[in-house]
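Chain by chain, the residues:
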Amino acid sequence: MFYLKKIINFLVITAFLCLFITGCADKDGSGFIFKYDIPVNPKTLDPQTATGQTAALLIANMFDGLLKVDGNGGIISNIAAEYSVSEDNLIYTFILREDIFWYYDGENVPCTAHDFVFAFRRLFNPAVKSENAPLFYSIKNGENVHKSRIEFEHDPERPLEAIGVHALNDYTLIITLEAPNPLLPYLLTTTPAMPCNEELYEKTAGRYGLNEKSIPSNGAFYITKWNFDPYSSNNNIIIMRRNAKNNEAEQIFPSGLNFFIGEKDPLTHFLDGHVHSIIAEGENAEFLMLNNYPYDGFENSVWGIVFNTNRDKVFSNADLREALASGLDRNLINPNRYGWRTSENIIPPLINIGREPYRKTAGDSAVLAYNAENAKLSYEKGAKEAGYDRLSGLSVIIPDNRTAFEYMSRILQQWQTFGFYCSIRVLPDDEFESALSGGDYDIAMTKISGEFNSPDAYLSQFGKCIRSQPAPSSEYRNILTEARHSADLEAGAGLFLQAENMLLEQAVFVPVCYQTELFFYNKKSSDLLYNPFTGTVTFREAKYLK
């Protein structure tokens, strides 16, 4: 009897540990606790102010917006059961579902149209200082309010009422635009467009989004624990559990999610089974592929060369930039790494305009073609104008990436054929980003990725994210604005191509290669949805099969 009791106790403890540590999956793959590594601790999980991929990942699993991105990259209904657009493309009417609820401090509160109104008023309120507001400037009076062009009187809320987001009733939302914006449905799937319940927001007493006790959730999961000690690598974790009320309306397959913060060896963590998915590249990706781990691939990034064109820098000289751009023979630089291939375009093949691939609609861009003779002549002209003495001691900065280093090494060998010599400085990612944004470099090889599926996400970065670049000309800005608001998608593609060609002709950015992002997952896992633009993994439908 004593021996039998020990066996029973062991089985009970084992079952408890399975539920607590991993979450034992049911026959349909539900009930499992999925685990994932995140590189940094987010500063905030307030959707209206949060920035960065880590925050976007966590918010995507805690919040539901009007619309969402499906597994094929299309836009489908979410909280909005349906929506319609006026003939002039300026007024969007959303009919909301009535079965979505907030969970906060043990209570459930209906999610309504008023929560979206309050969220957009927070987004555009100058006092909130949201960096995300410019994405939504097409909304009527959004830019005016955010830039304080509408005066705040005694009641600070009154100017916010001018923003073109209004609730017709509890479950009907109206969004009015300044000008047509075909991207609006996609933008409504992004982090800043998530709702915010005013009453629950007030209960957080100024701590909204800063810890597990101050984050209401209207999505699949809510936070139960958020522990981070910057001076320790132990027990830095964010734990989420299933929103039971929302599970009644639409099945949420996992019972919970555990996110480990700042894991030093993500590959080993994945191979040991401590986490169930990982983004990998280079040798790590090749190893996982050889071991038959399932994966999804997305060719969504472009690597290229950026010249520091500040007036006091040598590459303010256009002839030097043109020489190095036209002195690049891409056929000689491919190091044959999986997921990398040479490119003459800025916008990657994955990008759509409407539902069609942008490159199919717009065609290829007009890159400066390889011409060794012209490159040499332009170099001699530029070097003479800039001063030969200023060309010594120059360097190229790159982030710590082996394949990028191999590409850049081959490029330097080609440039040496007409007399240009410089060294390579490999910098840690944070130092690289700091040098790039601060203009502390001569040449840089950098990766450009878009935050959403549009040519605009790539082209709008020049002169803004790469701050040493000259501000885009008024002509460039006007072309982009016209392209954004074009209701004719083919005409919009032509305008984006015109802007892309301006960057290439002036050698503001010299594309070198595309990179495919590879998302691997455990062999027993399925239906993890990865968004290569936001870097988010949504686990709502994720299953773990025994």
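Quick caveat: nothing in here was measured; it's all calculated off a predicted structure.

Engineer: Provide a residue-level description of the sheet that holds strand β1 (residues 33-38), including the pertinent values.
Structural biologist: Reading across the sheet, the four strands line up as β1-β12-β11-β10 and stay open at both edges, with mixed pairing between neighbours. Two strands bound the open sheet, and with one partner strand each, they are β1 and β10 (221-227). Direction aside, neighbouring strands of the sheet carry axes that sit 20° apart on average. As defined by bridge partners, β1 adjoins strand β12 (residues 256-261) across six bridges and the pair is classed as parallel.

Engineer: Talk me through the pattern of salt bridges; I want residue IDs and the actual numbers.
Structural biologist: Applying the stated rule across the entire model yields 17 salt bridges. Residue aspartate 319 is joined to lysine 381 by a salt bridge in which the shortest nitrogen-to-oxygen separation is 3.9 Å. Taken together, the residues aspartate 319 in helix α10 (residues 318-326) and lysine 381 in helix α12 (residues 372-386) connect sequence positions 62 residues apart. Between lysine 360 and glutamate 356 there is a salt bridge whose closest N-O contact spans 3.8 Å.

Engineer: I'd love a proper account of unusual backbone geometry, names of residues and values included.
Structural biologist: Residue alanine 205 is not a glycine yet carries a positive backbone phi of 55°. Here alanine 205 is to be found in the loop between α6 (198-203) and β10. Note on alanine 205: relative accessible area 65%, which makes it exposed. Even without glycine at this site, asparagine 235 takes up a positive phi of about 60°. On the secondary structure map, asparagine 235 appears in the loop between β10 and β11 (237-242).

Engineer: Explain the packing of aromatic side chains to me, and be specific about the residues and the numbers.
Structural biologist: Centre distance and the angle of the planes are the two values used to describe a pair of aromatic rings. In the structure shown here, the tally under the stated rule is 29 aromatic pairs. Between phenylalanine 34 and tyrosine 544, the ring centres sit 6.4 Å apart and the planes meet at 75°, which makes this aromatic pair edge-to-face. Taken as a pair, phenylalanine 34 in strand β1 and tyrosine 544 in strand β25 (residues 543-544) lie far apart in primary sequence, 510 residues in all. For the pair shown, phenylalanine 34 and tyrosine 544 are each scored as buried. The positively charged end of lysine 523 is found above the aromatic ring belonging to tyrosine 293, 4.8 Å away from the centroid. Positioned above the aromatic ring of phenylalanine 253, the side-chain terminus of lysine 543 is 4.2 Å from the ring centre.

Engineer: Could you give an account of the confidence of the model for the protein, with specific residues and numbers?
Structural biologist: Should pLDDT be low for a region, the predicted coordinates there are not to be read in detail. Of the residues in the protein, 92% have a pLDDT of 70 or more, and the chain-wide mean is 89. Confidence over residues 1-21 falls short of pLDDT 50; this stretch has eight contacts with residues more than four positions distant or in other chains.

Engineer: Can you explain the sheet that holds strand β5 (residues 91-96)? Please cite residues and give values.
Structural biologist: Read from one edge to the other, the open sheet built from four strands follows the order β4-β5-β9-β8, with strand pairing classed as antiparallel. Two strands close off the open sheet at either side, each with one partner strand: β4 (80-85) and β8 (165-169). Ignoring which end each strand starts from, the neighbouring axes of this sheet average 20° apart. Pairing of β5 with strand β9 (residues 172-176) involves five bridges; the strand directions are antiparallel. If you follow isoleucine 91 over to β9, its bridge partner there is threonine 176. Contacting β5, β8 and β9, helix α3 (residues 113-124) runs over the sheet at an angle of about 165° to β8.

Rules of the game
Residues numbered from 1 in each chain as written. Predicted model: local features only at pLDDT ≥ 70, side-chain atom pairs only at ≥ 80, totals over all residues. Heavy atoms only, no water. Pairing = 2+ DSSP bridges. Helix = DSSP H or I, 4+ residues; strand = E, 2+ residues; numbered from the N terminus. Axes fitted to C-alpha atoms, helices over the stretch in contact; angles between N-to-C directions. Salt bridge = Lys/Arg side-chain N within 4 Å of Asp/Glu carboxyl O. Buried < 20%, exposed > 50% of the residue type's maximum accessible area, 1.4 Å probe, protein only. Phe/Tyr/Trp six-rings, centres within 6.5 Å; stacked < 30°, edge-to-face > 60°. Lys NZ or Arg CZ within 6 Å of the ring centre and 35° of its normal. pLDDT = per-residue confidence, 0-100. Contact = heavy atoms within 4.5 Å.

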